[in-house]
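Now for the letters of each chain:
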Amino acid sequence: MLTYSLILKLKRNCNYLIGSKDGKRAIYLDEENKDEIIAYLQRDERHRKKFKFIAEIILNNHRNTEVYDKEEINTKCKDVTAMKFFKGQDNDRIYCKEIHSSKGTFIVVAAVLYEKKKTKKLSQKQINLIEKVAKYSYEI
């Protein structure tokens, strides 16, 4: 059973980054990790272009599992996804949590940056990180 103090740790804040033209979809950044994520996204032109591409897929409600896909590795990981940067190269990930606002807006919260995924299979460290993101609860 979760203790009250543990529940408080799972409640997190996020900040708006970008939204679709119709207002039905948006991308937010986890407040605690936003500086690290923004620094990664602004590292160079290659990173900016890749993020723009992934964001357009999300905001336009398209599907491309090569760059954005669910990370439902077990029953604990519902609503966790990954933005996949430079698969087969640096293989970086931004693990995200999908939620809906009270107004029905579909929101992807970019929660945690994980750089240089080294194997096809998930390491225990990655599994723990994905399960941790699954426990996050965001207030919009």
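We now turn to the structure provided with this report.

How each quantity is defined
- Residues numbered from 1 in each chain as written.
- Predicted model: local features only at pLDDT ≥ 70, side-chain atom pairs only at ≥ 80, totals over all residues.
- Heavy atoms only, no water.
- Pairing = 2+ DSSP bridges.
- Helix = DSSP H or I, 4+ residues; strand = E, 2+ residues; numbered from the N terminus.
- Buried < 20%, exposed > 50% of the residue type's maximum accessible area, 1.4 Å probe, protein only.
- Core = buried A, V, L, I, M, F, W, Y, C linked by side-chain atoms within 4.5 Å.
- Contact = heavy atoms within 4.5 Å.
- Salt bridge = Lys/Arg side-chain N within 4 Å of Asp/Glu carboxyl O.

**What about the pairing of strand β1 (residues 11-19)?**
(1) Moving on: Looking at chain direction, β1 and strand β7 (residues 137-139) are connected through 3 bridges and run parallel. Bridging from a neighbouring strand, R12 pairs with Y138 of β7.
(2) Moving on: When β1 meets strand β2 (residues 25-30), the two strands line up antiparallel, connected through 5 bridges. Following the sheet pairing, C14 is matched in β2 by D30.
(3) Moving on: Hairpin connection of β1 to β2: 5 residues between the antiparallel strands, including G23 at a positive phi of 75°.

**Details of the pairing of strand β4 (residues 80-85)**
(1) Moving on: Counting buried positions along β4 gives 6 out of 6 residues, so the element sits mostly inside the fold.
(2) Moving on: Here strand β3 (residues 68-70) runs beside β4; their pairing, made up of 3 bridges, is antiparallel. Opposite Y68, over in β4, you have M83 as the bridge partner.
(3) Moving on: Sheet topology places β4 next to strand β5 (residues 92-100); 6 bridges connect them, and they run antiparallel.

**Some details on the environment of A39**
(1) Moving on: Considering the arrangement of structural elements, one finds A39 in helix α2 (residues 34-41).
(2) Moving on: The class of A39 is partly exposed, set by a relative accessible area of 47%.
(3) Moving on: A sequence separation of 50 residues divides A39 from Q89, and the C-alpha atoms of the two residues are 19 Å apart.

**As for the nonpolar core**
Burial of nonpolar side chains together is a common tendency in soluble globular proteins.
(1) Moving on: Core analysis: the biggest nonpolar cluster contains 22 residues, and M83, F85 and I94 have the highest contact counts within it.
(2) Moving on: Only β2, α2, α3 (45-59), β4, β5 and β6 (106-114) provide two or more residues apiece to this core.
(3) Moving on: With 6 residues, α3 is the single largest residue contributor to this core.
(4) Moving on: Apart from the residues within four sequence positions on either side, I94 is in contact with I37, Y40, L41, T81, A82, M83, F85, A110, A111, V112 and L113.
(5) Moving on: Of all hydrophobic cores here, the second largest spans 19 residues; its members include C77, I107, A111 and Y136.

**Re the pattern of salt bridges**
(1) Moving on: Counted by the stated rule, this structure contains 7 salt bridges.
(2) Moving on: In this structure, R48 engages E45 in a salt bridge whose closest nitrogen and oxygen atoms are separated by 3.2 Å. Of the two residues, R48 and E45 both sit in helix α3, 3 residues apart, roughly one turn of that helix.
(3) Moving on: Between E98 and K70 there is a salt bridge, with the nearest N and O atoms lying 3.3 Å from each other. With E98 in strand β5 and K70 in strand β3, this residue pair connects regions lying 28 residues apart in the sequence.
(4) Moving on: For E98, a relative accessible area of 12% puts it in the buried group.
(5) Moving on: You can call K70 partly exposed: its relative accessible area is 41%.
(6) Moving on: One network of salt bridges, with partners in common, ties together R12, D30 and E32.

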